[in-house]
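Coordinates in review
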Amino acid sequence: MVQMATPRGKWIGARVKRVEDPRFLTGDARYVADLTLPRMVHAAFVRSPYGHARIKGIDASAALAAPGVIAVLTHADVASVPPLQDPIALDGLKKTPQTVLASDKVRFVGEPVAVVIAEDRYLAEDAAELVQVDYEPLPAVTDAEAAMAEGAPLLFEDLGSNVVYDQTYRFGDPDSAFQQADRTFKKRLHTNRFMASPMETRGCIGQYDRGLGELTFWSSTQMPHMLRLSLAGFLGIPEQKIRVITPEVGGGFGQKMTLYPEEVVVAFLARHLQRPVKWIEDRRENLMSATHAKEQIIELEAALTNDGTLLGLRATCIGDGGGYSFNTASALVEPQAAALMMPGLYRVANYEARVVAVVTNKTPVGAFRAVGWTAGHTARELFFDEIARELGMDPVEFRRKNMIHEDELPYTTCSGQVYDSGSYVKSLDLALQTVGYDELRARQAELRAQGRYLGIGISPYVEPTAWGSEIALQVGFPFPSHDNARVSIEPSGKVTVAVTTHSHGQGHETTLAQVAADILGVDLADVTVVFGDTAATPWGMGTYASRSAVIGGGAVTLAAQEVREKILKIAGRMLEADPADLVLADGKVSVQGSPDRSVTLAEVAVSSYFVNSVRAEGEDPTLTATRFYDPKATYSNGCIVVVAEVDPETGQVRLDRVVSVEDCGTVLNPMIVDGQIHGAVAQGIGGTLYEHLVYDDQGQLLTGTFMDYLLPTATEVPPIQVEHLETPSPVTVQGIKGMGEGGLMASPAAVAGAVLDALAPFTPKVEELPLSPERILRAIGTITD
Amino acid sequence: MKPPSFEYFAPTTLDEAVALLAQHGDEAKVLAGGQSLVPMLNLRLARPAALVDLNRVTGLDYVRAENGHVVIGALARQRAVERSADVAARQPLIAAAIRLIGHPAVRNRGTVVGSLAHADPAAELPAVAVALGAEMVVTGPNGERVVAADDFFVSYLTVDLAPGEVLKEARFPALPPRTGWSIVEVARRFGDFALAGAVATLTLDDQGAASDVRVALFGVADRPVRVPEAEQVLRGERPDDDRIAAAAEAARAALVDPPSDVHASAAYRRHVAGVLVGRALREARERAQASG
Amino acid sequence: MKRAIALTINGVRVEAEVEPRKTLADFIREDAELTGTKLGCEHGVCGACTVLLNGEAVRSCLIFAVQADGAEIMTVEGLAQNGQFHKLQQAFWENHALQCGFCTPGFLMSSYALLQENPNPTEDEIREGLSGNICRCTGYQGIVAAVKSVAGSAE
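What you are looking at is a predicted structure, and each value in this text was computed from that prediction instead of being measured. (Residues numbered from 1 in each chain as written. Chains lettered and ligands numbered in written order. Predicted model: local features only at pLDDT ≥ 70, side-chain atom pairs only at ≥ 80, totals over all residues. Heavy atoms only, no water.)

Re the overall build of chain A
Within chain A, the regular secondary structure consists of 20 helices and 28 strands. With the principal axes as the frame, chain A shows a C-alpha extent of 85 × 70 × 45 Å. Pairs at least 24 apart in sequence give 80% of the contacts found in chain A among residues at least 6 apart. Counting every atom, chain A has about 24,700 Å² of accessible surface; 51% of that belongs to carbon and sulfur. One way to put it: in chain A the 67 positive side-chain charges average out to a point 2 Å from where the 98 negative ones average out. (Helix = DSSP H or I, 4+ residues; strand = E, 2+ residues; numbered from the N terminus. Contact = heavy atoms within 4.5 Å. Areas by Shrake-Rupley, 256 points an atom, 1.4 Å probe, with all protein chains shown as cover. Lys, Arg positive; Asp, Glu negative; His and termini not counted. Charge placed at Lys NZ, Arg CZ, Asp CG, Glu CD.)

Comments concerning the overall build of chain B
Looking only at helices and strands, chain B has 12 helices and 14 strands in total. Its C-alpha radius of gyration of 19 Å places chain B within 12% of the 19 Å reference for a compact globule of 292 residues. The contacts of chain B with a sequence gap of at least 6 include a subset with a gap of at least 24, amounting to 62%. Charged side chains of chain B number 32 positive and 36 negative; the gap between the two group centres comes to 6 Å. (Rg over C-alpha atoms; globule rule 2.2 N^0.38 Å.)

Description of the packing of aromatic side chains
Across all of its chains, the model carries 20 aromatic pairs over all chains by this definition. Put simply, the rings of A:Tyr346, A:Phe383, A:Phe384 and A:Phe398 touch in pairs and so form one group of aromatic residues. Its guanidinium or amino end placed over the ring of B:Tyr62, B:Arg64 lies 4.1 Å from that ring's centre, counting from NZ or CZ. The lysine or arginine in question, B:Arg287, covers the ring of B:Trp181, its NZ or CZ lying 3.7 Å from the ring centre. (Phe/Tyr/Trp six-rings, centres within 6.5 Å; stacked < 30°, edge-to-face > 60°. Lys NZ or Arg CZ within 6 Å of the ring centre and 35° of its normal.)

Observations regarding the domain arrangement of chain A
Often, the extent of an interface is quoted as the loss of accessible area upon association of its parts. All names here are of chain A. Once the domains are mapped, chain A shows domain 1 (21–28 + 482–629), domain 2 (32–138 + 201–249 + 256–289) and domain 3 (296–473 + 632–779). In this structure, domain 2 and domain 3 have C-alpha centres spaced 36 Å apart. Taken together, the contact between domain 2 and domain 3 spans 29 residues of the former and 27 residues of the latter. Taken together, both faces of the contact between domain 2 and domain 3 bury some 2,200 Å²; the carbon and sulfur share is 63%. (Domains from an automatic or database assignment. Buried area = accessible area lost by both parts, 1.4 Å probe.)

Details of the environment of A:Arg615
Residue and element names in this part refer to chain A. Along the chain, the position of arginine 615 falls in the loop between helix H17 (601–610) and strand S25 (623–629). Separated by 74 residues in sequence, arginine 615 and leucine 689 place their C-alpha atoms 64 Å apart. Those residues in contact with arginine 615, other than ones at most four positions away along the chain, are Ile570, Arg573, Ser608, Tyr609, Asp620 and Pro621. At 2.7 Å, the side chain of arginine 615 and the backbone oxygen of serine 608 are in polar contact. (Polar contact = N/O pair within 3.5 Å; in protein donor to acceptor, adjacent residues only side chain to side chain.)

Section: the interface of chain C and chain A
Each partner contributes to the interface: chain C provides 44 residues, whereas chain A provides 53 residues. A combined buried area of about 4,000 Å² lies between chain C and chain A, and 60% of that area is made up of carbon and sulfur atoms. Scanning the region where chain C abuts chain A turns up four salt bridges. A salt bridge links C:Arg29 to A:Asp34; the nearest nitrogen and oxygen atoms lie 2.8 Å apart. For the pair chain C and chain A, the number of links is 26 residue pairs in polar contact (both at pLDDT 80 or more). Listed by contribution, the elements that provide at least two residues to the side of chain C that touches chain A are helix H1 (24–31), helix H2 (87–94), helix H3 (104–117) and helix H4 (123–129) of chain C. Here the residues of the side of chain C that touches chain A are counted per class, giving 16 nonpolar, 16 polar and 12 charged. (Salt bridge = Lys/Arg side-chain N within 4 Å of Asp/Glu carboxyl O. Nonpolar A, V, L, I, M, F, W, Y, C, P; charged D, E, K, R; others polar.)

Observations concerning the interface of chain B and chain C
Taken together, the contact pairs 31 residues of chain B with 29 residues of chain C. Taken together, the two surfaces of chain B and chain C that pack against each other cover about 2,500 Å², and 51% of this comes from carbon and sulfur. When the area that chain B buries against chain C is broken down by residue, the three leading residues are B:Met1, B:Tyr8 and B:Arg109, summing to 21%. The interface formed by chain B and chain C contains five salt bridges. In this structure, the salt-bridge partner of B:Arg83 is C:Glu117, at a minimum N-O distance of 3.0 Å. The interface formed by chain B and chain C contains 17 residue pairs in polar contact (both at pLDDT 80 or more). For the side of chain B that touches chain C, the elements supplying multiple residues, two or more each, are helix H2 (37–42), strand S3 (50–53), helix H3 (78–83) and helix H6 (104–109) of chain B. In terms of residue count, the dominant contributor to the side of chain B that touches chain C is H6(B) (five residues).

Considering the pairing of strand S4 (residues 56–59) of chain C
Residue and element names in this part refer to chain C. Inspection of the sheet shows strand S3 (residues 50–53) paired to S4 by four bridges, in the antiparallel sense. In the sheet register, valine 51 faces S4, and the bridge partner there is valine 58. Taken together, S3 and the strand that follows it, S4, pair antiparallel across an intervening segment of two residues, in which asparagine 54 is found at a positive phi of about 45°. (Pairing = 2+ DSSP bridges.)

Some details on helix H12 (residues 424–435) of chain A
It helps to recall that an α-helix has 3.6 residues per turn; residues three or four apart then point in one direction. Residue and element names in this part refer to chain A. For H12, with 12 residues, the first-to-last C-alpha span of 17 Å sits near the 16 Å given by 1.5 Å per residue. For H12, the full list of buried residues reads Tyr424, Val425, Ser427, Leu428, Leu430, Ala431, Leu432 and Val435. The first or second residue beyond H12 is glycine 436, which carries a positive phi of 75°. (Expected span 1.5 Å × (residues − 1). Buried < 20%, exposed > 50% of the residue type's maximum accessible area, 1.4 Å probe, protein only.)

Concerning the pattern of salt bridges
All names here are of chain A. A complete count under the given rule lists 90 salt bridges over all chains for this structure. Note that arginine 47 is salt-bridged to glutamate 285, the shortest N-O span being 2.8 Å. Taken together, the residues span a long stretch of sequence, with arginine 47 in strand S1 (residues 41–47) and glutamate 285 in helix H8 (residues 283–289) at a distance of 238 residues. Glutamate 301 is paired through a salt bridge with arginine 314; the nearest N and O atoms lie 3.6 Å apart. In this pair, glutamate 301 is assigned in strand S13 (residues 296–304) and arginine 314 in strand S14 (residues 310–320), connecting sequence segments 13 residues apart.

Observations concerning the confidence of the model for chain A
In low-pLDDT regions, the fine details of the predicted coordinates are not to be read closely. Per-residue pLDDT for chain A has a mean of 95; in total, 99% of the residues score no lower than 70. Considering only residues more than four positions removed or in separate chains, one finds that residues 1–7 of chain A, a stretch of pLDDT under 50, has 11 contacts. (pLDDT = per-residue confidence, 0-100.)

Regarding the domain arrangement of chain B
All names here are of chain B. Assigned domains of chain B: these are domain 1 (7–53), domain 2 (63–173) and domain 3 (179–290). Counting residues at the interface gives 26 residues for domain 2, matched by 22 residues for domain 3. The junction of domain 2 with domain 3 conceals about 2,000 Å² of combined surface from both sides, 67% of it contributed by carbon and sulfur atoms. Summed over the three residues of domain 2 that lose the most area to domain 3, namely Leu100, Pro121 and Ala131, the buried surface amounts to 25% of that side. Linking domain 2 with domain 3 are zero salt bridges. Listed by contribution, the elements that provide at least two residues to the side of domain 2 that touches domain 3 are helix H5 (92–98), helix H8 (124–132) and strand S8 (153–155). For the side of domain 2 that touches domain 3, the element with the most residues is H8, which contributes seven residues. Here the residues of the side of domain 2 that touches domain 3 sort into 18 nonpolar, four polar and four charged.

Let's talk about the sheet that holds strand S10 (residues 166–173) of chain B
All names here are of chain B. Strands sit in the order S4-S5-S10-S6-S7 across an open sheet of five strands; the sheet is antiparallel. A single partner strand is all that each edge strand has here, and the edge strands are strand S4 (63–66) and strand S7 (143–148). Each strand axis lies, on average, 25° off the axis of its neighbour in the sheet, ignoring direction. With four bridges joining them, S4 and strand S5 (residues 69–73) adopt antiparallel strand pairing. Bridge pairing in S5 places valine 63 opposite isoleucine 72. (Axes fitted to C-alpha atoms, helices over the stretch in contact; angles between N-to-C directions.)

A closer look at unusual backbone geometry
All names here are of chain A. Cis geometry marks the peptide bond from leucine 409 to proline 410, where omega comes out at -5°. Relative to the helices and strands, proline 410 is located in the loop between helix H11 (395–402) and strand S16 (411–412). The peptide bond linking leucine 769 to proline 770 adopts the cis configuration, its omega dihedral lying at 0°. Counting through the fold element by element, proline 770 comes out in the loop between helix H19 (742–758) and helix H20 (773–779). One non-glycine residue, phenylalanine 253, lies in the positive phi region at around 60°.

Side note on the packing of helix H10 (residues 373–391) of chain A against H19(A)
Residue and element names in this part refer to chain A. In the contact formed by H10 and H19, the axes pass within 8 Å of each other and the chain directions differ by 35°. For the element pair H10 and H19, the recorded crossing hand is right-handed. Of the residues in H19, those touching H10 at Trp373, Thr374, His377, Thr378, Glu381, Leu382, Asp385 and Arg389 are Leu744, Met745, Ala746, Pro748, Ala749, Ala752, Gly753, Leu756 and Asp757. When its residues are assigned to classes, the contact of H10 with H19 shows nine nonpolar, four polar and four charged. (Left-handed = near helix turned anticlockwise from the far one by under 90°.)

A few points about a nonpolar patch on the surface
Among the surface-exposed residues, A:Val606, A:Phe610 and A:Val611 lie close enough to one another that they form a single nonpolar patch of about 260 Å² accessible area. Note on placement: A:Val611 falls in the loop between H17 and S25. (Patch = residues over 30% accessible without salt bridge, like charges linked within 9 Å, V, L, I, M, F, W, Y side chains within 5 Å.)

Comments concerning the nonpolar core
Membership of the largest hydrophobic core comes to 238 residues, with the highest contact counts inside it found for A:Phe706 and C:Phe92. Non-local contacts of C:Phe92, meaning those with residues more than four positions away in its chain, are made with A:Leu25, C:Ala97, C:Leu98, C:Thr104, C:Phe107, C:Leu108, C:Ser111, C:Ile143, C:Ala146 and C:Val147. B:Val52, B:Ile72, B:Val166 and B:Leu167 belong to the second largest nonpolar core, which has 58 residues in total. (Core = buried A, V, L, I, M, F, W, Y, C linked by side-chain atoms within 4.5 Å.)

Now the structure itself:
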């Protein structure tokens, strides 16, 4: 089912196994926790045990006297470091500065209050228990709507409110749409707080060279240059005197695109103590202190005609931002993204959205794969399932009727997105055909007669990708966004590609090498991709929001094409031929039609560097080019269908299968695309059925270990079948669209939709996720007390 | 997440272990498989001053059939018991229960007796012990004593072991003839502790009536509980679907105060306990009939 | 008080003096300097620290190094022989069974133990056998496929 619109070389589009894998398979790959430096010492943070409290005093004397302790720092020691806050410039967005160690107040359980440095982590943890913090507990607020209420405990007294943003956007004429409607519907959904939970937690090592005035900082981050820029600002070290290196990074999913207070403290300590300082977060810390995600309260209203045509939508998206409107993306990261993409791939001419961001006494919220969209998409799709049931329509027919069809593309939505191209209806059809929709409906009826409950969940999606400046604006986060690639051919004829995007599992060493290898006519093995070291790469933003294939791939394409032109120019002189007549393939340049007249790439390279006669006067001898790319907006699409069976006596769910149709334009490596979908869908299964960060009303995290925070395992994730469609983008280099988030945007609606479809005979009512066995029994009225 | 300091002892005889435990009293903990204790140490939720490691004590890893019982020593790993031919032949309920515990790497290290002594109320093996009327052989400074399972489990993570005492072995009665068994549970994920679970055995007489019925629940109280109210409904009766449904309802009604936590409320546990009792009894009936 | 212990790891004898509270995982990573074994949760859930102890898969974060005195340990670094991948490593590579790679050593060791015990598992047996290991990247698809692809093949 692949449409080939772009002529392909040997590598782009090939299912090539990853060049980076061997070192991971042998245990030789080094993550930050695996690094050791001479004289290195270890940090442990003292964290708030209260959701909301005033700090009246800190006594570190017992900790300082403990074995192996080198230092204990509190806010007073780091008072010169400015507080962290988000850089988002939007009217009406209030700032909530966070000191890197809590000063007067703590606002969530897990907030760093002090740091202990000791000879090893065991001793540091021993001493951290001895730091005496005198807290005056304050009333806590842990629900976003309660936090908005008059008289709620205030996290930031000087703001006078816990609401940091409250704006209503209007597109088209929503009031008229609702006035003209034959029928209107409403839905409320409180999506659960869950988190990225990468298998490698956060961690960093700082080392300061006093003589050179240089900080070297190893960190498990997705954005080395942005981290360097931030550290420079917070510590007053010139940016060019900081080198950020990422060793292997064990997953990020957005959690590692934020600057964290711990990182600033560790860098501060390295300079302060003149010794390398290592901090490796443990799992308990990650669960309570690294960014949480996905929690929103969403209320939707829809205006429809009797035949099921959607006239307008209203949405209220309340984001529960946790203790701080966190730096990097602010508490808007969830509700703003949800609200602006709420129309999705449906024709919605009239739309009103209220976006509210609130602080509460819980861990701050940050980005996590499909940030904002998971909650918004889930609410809308489950709403549409309900509407279809109410109207007596098949959920597929309701969607097909209101979906943007291929012949309407490009399509500008009422809320400002420009969908460049795609296969919306075709994806839906292929997904249904693959899963055998009609047969499944028949099977469902058959099983119901036997007292078994099978359900089908359908979730078509459009996915903003390629986070450049234009799409950032279209989806609500106006911030310039671009990246660079430097492609070089060394005198040996081998290729080095240095990129500013970052790989933490996505396989860029393979995919970006595939791009360069095709353009430069070399073997994949002759290309080395370098990233994750600010000293070895040009300046760039890093990896987030599905931008690396498009921006990284695009920048590599542009730079490699420039190098290719240089090669052909030199080779033309060597072969006494017009560069336009030359063919670059298999590591050599030959004259079209005369394969005997050829030079190897190594011969071209060595000539360029060392033989002046092949170059014109003043021509650059180095075969290198650095190009940036800031793509136009491009949107991927697809459709996920889930088949589930529910036990209505216990509320247990068994997922039978998942079908995912993905159209991300030109595919660089289908194996890697499949892997991204598999992982994202598994996270969606976790977030819909298992994963939930639960707080009590005092702000205690009740799911603070992996025994209670339930990640899905191989027994919970069923077979996931991926089918590809390929509609190249007309607006990006190579027609590449990004991907990687759609699975987590769309699978929760498909999973929950399948469960609710299975239970349709009981008319289930769900206003909260996840669908735990208990919530399922309550949804169908089996349990009422 | 590193454990706090402790004094470590690795005795090679049980007498030595008992002497060490007596010497350190409440401050000491026994370390066997460590699959429950070590996470608590790493999380610093437990801080014993001393650990007495039984793993170097020889001759405690037995699983054997003896006088109509399956006898399991303190160091027999769950995995070994799960694979034991004696267990499969004489008391398959034990192996079935073990297959619901955690994952292979946990069972490779975890011991059956350790699970009993830890006494998590949501664990499978204590409920099996209660249902079968297993005997706990306790050894201590004053010699050996035998405690009935029903008396052994006192409350949440608390058993009838005095300072200095060790649970040396557990004796499970073999399955009588014409007896079916079942263990069923609801857990959030495969291998997790149960939200609720039920164990049942059912012995049929020549007329097909239930001459003996045993029902125990786990995850629904501060310890595993026998449910005589449900057993009574069936004893001496033919276990047809209606009777079993009545037994399940009786079990539900008998629950006093099931726990609530982030995974399920008391109401959920009460409801599901009834469902599981019904399912366990039906499965036990099928097995009893098949063993004909 | 430290104790002297000696372990054999991947056939090499490693001696050190350790505090009793040092976990086997930390011993392997710090004293034996074999950092392939990972720490993902340190409370026995994620399986990243899985190694073989006298031939059986265990979670090395739940065993103290002193308890392993005299034992034979096998870690991910012991899988490849003479520079040749073990068939499981090759299968993981070919089936895209890893992305960020952090859980991979644990999955390889659990898979190795699973196949030692049951050389020809069904898909359900593979899933159950690996359900004590968590991967956040792959949705387990490639991992299950990799183990399936070598199931039934000789050592």
